[in-house]
Structure formats: structure tokens, C-alpha cells
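This is what each chain is made of:
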Amino acid sequence: MIRLDQLKPAKGSVHKEKRIGRGEGSGHGGTSTRGNKGAKSRSGYSKKIGFEGGQMPLYRRIPKFGFTNPNKIFYKAINLDTLERIVTQFDLQEITPEILNQHGLIGKNDKVKILGRGEITKKINVSAHAFSRKAMEAIEKQGGITSII
């Protein structure tokens, strides 16, 4: 019968760790393995991301150029062949961003642009934030309606 005082961890599962800051008898007393003076020896020290020891860091050395327009609108592109697949699979007559969101093609707040790759064979009404000319012509050729939100 085994008793609680006989329990011990499996061989190799326990590693002795350095007991730092526990006096001279530990073998790591005095400066507690941090060396003498300097920022690294102080409590609360944490190296900042990209810090290079006081040298000008790389992200500040490399040149920055060009222009990023803060007002640019990003659209999720949906092609006609994708619309055709959804319309035939779920028997839809109308496509809106909410329906595309329900089927996992766009996020809740994404703007949609319908592009002209592929064919459309059914009459559908499509509401989106933008259309390519080819997509608009293909939808209206089948008798569908395109409306810009």
C-alpha cells in the first residue's frame, strides 16, 4: 500500500530552477545574476520592441515615402460566377450585402463590389455598393436590376 509521504514525481519530470534573490547561500546572491548597474539590473525593466541598445532602430533608419489615402474605400470583390452559384444553390431572386454576409462571403460592415467574371443565367436583383460595367451589363441583360446602395 502506498502512502502520501511516499509520493514523488516521475523521474525526469521535475527540473531544479535557480532560486534567485534568496541570499548568498543560494549561490545566486548579491546581484541575483543581473550583473552590476545599468537598466537591465533594475526592477521593472523591459526591453522595448525594436530597441537596439541606443542605436537608431531599423524602423527609424529606413526611408518612408509615398502617400496613404486615409479616405480610401476598400471593397470586397464578388464575381458573377459566385452570385450564380449562390442563386442556384439557395434559389434566390435578390442579392444584398446582408444575404452575402449570411452565406459567409463578406463581413458585416464590408462594402461590396460586383465584378464581371463568369456568367449569370437567371434574372436577379442585386444591391451592392459598386458594380463593374461588365457585371452591370450582364445582370441587366438577363432582365435583372442593379441598384447601388
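Please refer to the structure higher up on the page.
Predicted model only: the values in this text are computed from it and were never measured. (Residues numbered from 1 in each chain as written. Predicted model: local features only at pLDDT ≥ 70, side-chain atom pairs only at ≥ 80, totals over all residues. Heavy atoms only, no water.)

> Honestly, unusual backbone geometry in this entry has me stumped. Any pointers?
Keep in mind that most residues, glycine aside, have a negative phi and that most peptide bonds are trans. Even without being a glycine, Ser-32 presents a positive backbone phi close to 55°. Counting through the fold element by element, Ser-32 comes out in the segment before helix 1 (58–61). Given a relative accessible area of 15%, Ser-32 falls into the buried group. Located in the positive-phi region is Thr-33, a residue other than glycine, with phi close to 65°. Note on placement: Thr-33 falls in the segment before helix 1. Given a relative accessible area of 48%, Thr-33 falls into the partly exposed group. (Helix = DSSP H or I, 4+ residues; strand = E, 2+ residues; numbered from the N terminus. Buried < 20%, exposed > 50% of the residue type's maximum accessible area, 1.4 Å probe, protein only.)

> Honestly, the pairing of strand 3 (residues 111–115) in this entry has me stumped. Any pointers?
For a regular strand, the rule is simple: side chains alternate between the two faces of the sheet. Residue alternation in strand 3 divides its side chains into a buried set, Val-112 and Ile-114, and an unburied set, Lys-111, Lys-113 and Leu-115. Alignment of strand 3 against strand 5 (residues 130–131), held across two bridges, turns out to be parallel. Each bridged residue has a counterpart across the sheet, and for Lys-113 the counterpart in strand 5 is Ala-130. (Pairing = 2+ DSSP bridges.)

> What should I look at first to understand the environment of Asn-125 in this one?
Of note, Asn-125 is situated in strand 4 (residues 125–128). Spatially, the C-alpha atoms of Asn-125 and Lys-11 are 71 Å apart, while their sequence positions differ by 114 residues. Excluding residues that lie within four positions of it along the chain, Asn-125 makes contacts with Gln-93, Glu-94, Ile-95, Gly-144 and Ile-145. Of the polar contacts made by the side chain of Asn-125, one reaches the backbone nitrogen of Ile-145; its length is 3.3 Å. (Contact = heavy atoms within 4.5 Å. Polar contact = N/O pair within 3.5 Å; in protein donor to acceptor, adjacent residues only side chain to side chain.)

> What is the right way to read the sheet that holds strand 3 from this model?
Sheet strands pair via backbone hydrogen bonds, and the direction of the pair is either parallel or antiparallel. Read across the open sheet, the three strands follow the order 1-3-5; overall the sheet is parallel. If you trace the sheet from one side to the other, it starts and ends with strand 1 (75–79) and strand 5, each paired once. Strand direction decides the pairing type here: strand 1 and strand 3, joined by five bridges, are parallel. The residue bridging Lys-76 from the neighbouring strand is Val-112, located in strand 3. Sitting on the sheet, helix 2 (residues 80–90) touches strand 1 and strand 3, and the angle it makes with strand 1 is about 65°. (Axes fitted to C-alpha atoms, helices over the stretch in contact; angles between N-to-C directions.)

> Please clarify how the side chain of Thr-82 should be interpreted in this entry.
Following the sequence through the fold, Thr-82 ends up in helix 2. Taking relative accessible area as the criterion, Thr-82 reaches 13% and is therefore assigned buried. For Thr-82, the residues in contact, after removing those within four places along its chain, are Leu-105 and Arg-117.

> Help me understand the sheet that holds strand 4 in this model?
Read across the open sheet, the three strands follow the order 2-4-6; overall the sheet is parallel. Because the sheet does not close on itself, it has two edges, and the strands there are strand 2 (94–95) and strand 6 (145–148). In this sheet, strand 4 lies alongside strand 2 in parallel orientation, the contact comprising two bridges. Bridge pairing in strand 4 places Glu-94 opposite Asn-125. Sitting on the sheet, helix 4 (residues 133–141) touches strand 4 and strand 6, and the angle it makes with strand 6 is about 140°.

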